[in-house]
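So you can see what is in the structure, the chains are spelled out below.
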Amino acid sequence: MPPPLYGTFLSATLWNSIPLHICQAENRSYIRLTEQEFNRLPADIVIECFVSLIVTCYGVINMAGKFKGIRAMADFQNKSMDTVGNRPSFYHFAHRGTKLYAGEPEEER
Amino acid sequence: MAATMNFEDVRDKLRKWREDKVRNSVETADLGEYLLANYRRKLGDEVWPLYEQVSIAALDCGRLSLARLCIHAVRQQFPHSSRSKRLHGMLEEAEGEFDKARETYNDILKDDPANGLVMKRLIAIHKGQNDIPGAIKELNKYIENFMSDSEAWMELAELYIQEQHYSKAAFCFEELILSNPHHHLYHQRYAEIMYTQGGPENLEIARKYFAQAVKLNSNNMRALYGMFLSASHLAASSKATIKKKTENTKYASWAAAQIAHKYKQAEPQVEVVGEMLDKLAITSGN
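Here the structure is a predicted model, which means the values were calculated and not measured.

Brief notes about the overall build of chain A
Scanning chain A from terminus to terminus reveals four helices and zero strands. Going from the N terminus to the C terminus, chain A shows its helices and strands as α-α-α-α. Buried residues in chain A amount to 20% of all 109 residues. Taking the intrachain contacts of chain A between residues at least 6 apart in sequence as the baseline, contacts between residues at least 24 apart amount to 69%. Looking at chain A as shown, the accessible area adds up to about 8,600 Å², and 62% of this sits on carbon and sulfur atoms.

Next comes the structure, spelled out in structure tokens:
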């Protein structure tokens, strides 16, 4: 099913909740007018509420898109000990390279 | 080399090296010098980390005049920053003035006693003076305060390896494995230390950790070779029971098959791998 359809589901059920509220309020005022005792909501309103809740859940879950796998090792796959074992904070400059560079004048490098 | 490359390529390359902490000092100094000479305005604020990167690279490959230029520019822009003072200290180190550098670092630490980067430089001075036991002592003190610094643990391990204290180095890598259990290189390095220590028990541990490294990254050739060598060594050992011998032969032949398969994928023409593996097995059996 294309994603816009889930959006329609979602908005339809959310809009549907407004008439449901009105229905419920009307029911309460009717009960008050006829001076009956209020015990529970009528079954059709309850069922409609549950159905629209389930459809909303379905719409939300499908709108959110697919989950992406967490790949813990992905970062390290292409690394070698040359980069991982390189420790820039501990560089020292008295290494064997200094002897290598010592002979040549700096401009020629 | 740099003249034929365009600005974005060079900048992105240097940025990537900076983030991945790649050493490549000679190339970094060349490319960075080119960028700083031609595109200083275009770089915007990125010019300052680039100055830092280039000056450290220049110090590393002995181009002190380039390093002096960069460090001077940074110090003019940020005269009171500890980071720029640290660069100046590094220049003094490279010039061989270790006492002066130590003074510079101690001055920074007076204002900011928790500056880990500067403490690491003090340890690096010991290394530069070839005082490895001193460096180990200082580094141990540092690690007491900064226990989660994996770079320091790795440095300590390498220093212990230099001094041939393999069991202590192994302990450092155990810490690193705990800090990041999915890192195949830590497992591989730990196994290498165990393999170096030798003895049937350590070899068995080495084989297990090499196997774990292969499991985490099947393209780790060094771990495959390590697994092959340790397993064939165990299989050839005279003290091993028959059951262990057959098991280890199985592991060794599996690793050998994997190595041969990888070579076939990379270079279908090469057919000397089998022979080479046989030779390795013979030498490791002795």
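Additional details are given in the paragraphs that follow.
A closer look at the UniProt feature "repeat: TPR" (unreviewed entry) in chain B
The UniProt record marks residues 82-115 and 150-183 of chain B with the feature "repeat: TPR" (unreviewed entry), using the residue numbering of this structure. Helix makes up 79% of residues 82-115 of chain B and strand 0%, whereas the separation of the span's terminal C-alpha atoms amounts to 9 Å.

Describing the state of the cysteines
Residues and elements named next belong to chain B. Per the counting criterion, the structure on display carries zero disulfides over all chains. Free of any disulfide, cysteine 61 has its nearest neighbouring cysteine sulfur in cysteine 70, separated by 11 Å. Taking relative accessible area as the criterion, cysteine 61 reaches 4% and is therefore assigned buried. Among the residues examined, cysteine 70 registers a relative accessible area of 2% and is labelled buried.

Things to note about the nonpolar core
Across soluble globular proteins, nonpolar side chains have a tendency to be buried as a group. Residues and elements named next belong to chain B. Core analysis: the biggest nonpolar cluster contains 86 residues, and Leu36, Tyr105, Leu139, Leu156, Phe173 and Phe228 have the highest contact counts within it. Sorting elements by how many residues they give to this core places helix α4 (residues 47-60) first, with eight residues. Apart from the residues within four sequence positions on either side, leucine 156 is in contact with Ile136, Leu139, Asn140, Ile143 and Cys172.

Some words on the side chain of lysine 127 of chain B
Mapped onto the elements of the fold, lysine 127 of chain B is located in helix α8 (residues 116-128). Polar contacts involving the side chain of lysine 127 of chain B include one to the main-chain carbonyl oxygen of phenylalanine 90 of chain A, which spans 3.2 Å. Excluding anything up to four places from it in sequence, lysine 127 of chain B contacts Phe90 and His92 of chain A together with Ile132, Ala135, Glu155 and Leu159 of chain B.

Comments concerning the interface of chain A and chain B
Contacts between the two partners involve 23 residues from chain A, matched on the other side by 39 residues from chain B. Between chain A and chain B, the buried area comes to about 3,000 Å², and carbon and sulfur atoms account for 60% of it. Here chain A is connected to chain B by one salt bridge. Across the pair arginine 87 of chain A and glutamate 155 of chain B runs a salt bridge, and its minimum N-O distance is 2.4 Å. Our enumeration of links across chain A and chain B arrives at seven residue pairs in polar contact (both at pLDDT 80 or more). Ranked by the residues each element gives to the side of chain A that touches chain B, the list is headed by helix α3 (residues 81-84) of chain A, at three residues. Across the side of chain A that touches chain B, the residue classes tally to eleven nonpolar, eight polar and four charged.

Quick word on helix α13 (residues 200-216) of chain B
All names here are of chain B. For α13, built from 17 residues, the straight-helix expectation of 24 Å at 1.5 Å per residue is met to within 8% by its first-to-last C-alpha distance of 24 Å. Of all the residues in α13, the buried ones are Leu203, Glu204, Ala206, Arg207, Phe210, Ala213, Val214 and Leu216. Taken together, the buried residues of α13 touch α12 (184-197), α14 (221-236) and α15 (242-266).

Some words on the packing of helix α5 (residues 64-77) of chain B against helix α6 (residues 82-94) of chain B
Residue and element names in this part refer to chain B. Packing of α5 against α6 leaves a shortest axis separation of 9 Å and a crossing angle of 160 degrees. Comparing the axis directions of α5 and α6 gives the class roughly antiparallel. Considering the relative orientation of α5 and α6, their crossing is left-handed. Where α5 approaches α6, its residues Leu64, Arg68, Ile71, Val74 and Arg75 are matched on the opposing element by Ser84, Lys85, Leu87, His88, Leu91 and Ala94. Split into classes, the residues belonging to the contact of α5 with α6 amount to six nonpolar, two polar and three charged.

Rules and cut-offs
Residues numbered from 1 in each chain as written. Chains lettered and ligands numbered in written order. Predicted model: local features only at pLDDT ≥ 70, side-chain atom pairs only at ≥ 80, totals over all residues. Heavy atoms only, no water. Helix = DSSP H or I, 4+ residues; strand = E, 2+ residues; numbered from the N terminus. Buried < 20%, exposed > 50% of the residue type's maximum accessible area, 1.4 Å probe, protein only. Contact = heavy atoms within 4.5 Å. Areas by Shrake-Rupley, 256 points an atom, 1.4 Å probe, with all protein chains shown as cover. UniProt positions renumbered as here; feature names shortened; annotations may be inferred. Disulfide = S-S within 2.5 Å. Core = buried A, V, L, I, M, F, W, Y, C linked by side-chain atoms within 4.5 Å. Polar contact = N/O pair within 3.5 Å; in protein donor to acceptor, adjacent residues only side chain to side chain. Buried area = accessible area lost by both parts, 1.4 Å probe. Salt bridge = Lys/Arg side-chain N within 4 Å of Asp/Glu carboxyl O. Nonpolar A, V, L, I, M, F, W, Y, C, P; charged D, E, K, R; others polar. Expected span 1.5 Å × (residues − 1). Axes fitted to C-alpha atoms, helices over the stretch in contact; angles between N-to-C directions. Parallel < 35°, antiparallel > 145°, perpendicular 65-115°, else oblique. Left-handed = near helix turned anticlockwise from the far one by under 90°.

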